[in-house]
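Structural overview for review
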Amino acid sequence: MPGKHLSVVVTRRLPEVVETRLKELFDVQLRDDDTPMTTEELADAMARADVLVSTITDQIDAKLLGRAGEKLKLIANYGAGVDNIDVATARQRGIHVSNTPGVMTEDTADMVMALILAVTRRMAEGMQLAKSGDWSGWSPTAMLGGRLRGRRLGILGMGRIGQAVARRAAAFGIQVHYHNRKRLRPEVEEELDATYWESLDQMVARVDILSINCPHTPSTFHLLNARRLKLMKPDAVIVNTSRGEVIDENALTRMLRTGEIAGAGLDVFERGHEINPRLKELPNAILLPHMGSATIEGRIEMGEKVIVNIKTFADGHRPPDLVVPSML
């Protein structure tokens, strides 16, 4: 199917350079404003498009897929995760799903380290004090945080991002520990100087910082539940740039409030953009609006991957970033 005759609908605003390239290559309908499509708008788009360029804010379930037109043959997701799409149902209906893996690795790993620094050194509290007008000057005992060198970092999920975090942590003199579905090869472990823990319970009980870098799947939902969070040391901190559903947010909020966990840096939340109001009130919680991959370079590279997937599909070949069941 020639690209120019391929009907492509984009559900959100993308960087201008990406939108321009899409218009050059395909018969594309772009979004006029940067608001998510409603369910009805999504259904309409899926009924008339050959390709839907979706984002992680588009919930494409079995019911919605049931309303897709016969034309729809590819959902090119603008994002590495695909838990917003019922991939199994899509495949049953002959609809391919692609994503944009590997693009956000370095940017997200940078954000992990930024949050680790911000939480352990109490940066948000310091900024608030400096801006409040109540700061009376330097004091030997004021705003004391903790030193990173010598601390133990536990990485939950040692994929691309987890390994990038490990490399950055080593530069700070942090000891790297990890738990993963599969143990890394010995040469990779040696390169990262990382200690593997088969038991997640044993690891979380011993680390000073816990970084969540695993995907959200049925098996990782509330993997950090109340019981497991209670195993953490009271002076430990937790950072999550992966998926909010991995942590029981209510339990974490209670423990941050009572001092059972020293602090948290969260870029993702259990209910998307609906943040627990009690979590917002806590001085020891740094909350960001899903900024982990938010660099212009990363967003453009994501768009380039989307374009390559669509162009390859239009040329009659398998998209390079096709999502297959073994990946889920």
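First, a word on what this report is: a plain description of the structure on this page.

How each quantity is defined
- Residues numbered from 1 in each chain as written.
- Predicted model: local features only at pLDDT ≥ 70, side-chain atom pairs only at ≥ 80, totals over all residues.
- Heavy atoms only, no water.
- Pairing = 2+ DSSP bridges.
- Helix = DSSP H or I, 4+ residues; strand = E, 2+ residues; numbered from the N terminus.
- Axes fitted to C-alpha atoms, helices over the stretch in contact; angles between N-to-C directions.
- Core = buried A, V, L, I, M, F, W, Y, C linked by side-chain atoms within 4.5 Å.
- Buried < 20%, exposed > 50% of the residue type's maximum accessible area, 1.4 Å probe, protein only.
- Contact = heavy atoms within 4.5 Å.
- Phe/Tyr/Trp six-rings, centres within 6.5 Å; stacked < 30°, edge-to-face > 60°.
- Salt bridge = Lys/Arg side-chain N within 4 Å of Asp/Glu carboxyl O.

Some points on the sheet that holds strand 5 (residues 96-98)
What links the strands of a sheet is backbone hydrogen bonding, and the strands pair in either a parallel or an antiparallel sense. The strand order across the open sheet built from five strands is 2-1-3-4-5, with neighbouring strands paired in parallel fashion. The open sheet terminates on both sides in strands that have one partner only, identified here as strand 2 (27-29) and strand 5. Neighbour-to-neighbour, the strand axes of the sheet open up by a mean angle of 20°, direction not taken into account. Judged from the three bridges that link them, strand 1 (residues 7-10) and strand 2 form a sheet pairing that is parallel. Bridge pairing in strand 2 links Ser7 to Asp27.

Re the nonpolar core
One finds Ile116, Leu153, Ile155, Met158, Val176, Tyr178 and Leu192 to be the most contacted residues of the largest nonpolar core, which totals 29 residues. Elements represented by at least two residues in this core include exactly helix 5 (105-120), strand 6 (152-156), helix 7 (160-171), strand 7 (175-179), helix 8 (186-192), strand 8 (194-196) and strand 10 (237-240). Per-element accounting of this core gives the leading share, eight residues, to helix 5. When sequence neighbours within four positions are dropped, the list of residues in contact with Tyr178 reads Ile155, Met158, Arg183, Leu184, Glu189, Ala194, Thr195, Tyr196, Trp197 and Met203. One finds Val204, Leu229, Ala236 and Ala285 within the second-largest nonpolar core, a separate group that totals 28 residues.

Side note on the packing of aromatic side chains
Under the definition given, this model contains one aromatic pair. Taking the centre distance of 5.2 Å and the plane angle of 50° together, the rings of Tyr178 and Tyr196 count as tilted. Of this pair, Tyr178 sits in strand 7 while Tyr196 sits in strand 8, and the two are 18 residues apart along the sequence. Residue classification places Tyr178 among the buried residues on the basis of a relative accessible area of 0%.

Side note on the pattern of salt bridges
On inspection of all chains with the given rule, the structure shows 19 salt bridges. Arg48 is the salt-bridge partner of Asp44, the closest N and O atoms lying 2.9 Å from each other. Pair noted here: Asp44 and Arg48 are both in helix 2 (residues 39-48), with a separation of four residues, about one helical turn. Residue Asp83 is joined to Arg243 by a salt bridge in which the shortest nitrogen-to-oxygen separation is 3.5 Å. Of this pair, Asp83 sits in the loop between strand 4 (74-76) and helix 4 (87-92) while Arg243 sits in the loop between strand 10 and helix 11 (249-258), placing them 160 residues apart in sequence. Given the relative accessible area of 37%, Asp83 is considered partly exposed.

Topic: the side chain of Glu19
Assignment of secondary structure puts Glu19 in helix 1 (residues 16-25). The contacts of Glu19, once residues within four sequence positions are left out, are Arg12, Arg13, Leu14 and Leu30.

Details of the pairing of strand 9 (residues 209-212)
Here strand 9 shows two buried faces, one formed by Ile209 and Ser211 and the other by Leu210 and Ile212. Relative to strand 9, strand 6 is paired through four bridges, and the arrangement is parallel. For Leu156, the partnering residue across the bridge sits in strand 9 and is Ile212. Here strand 9 pairs with strand 10 via four bridges, running parallel.

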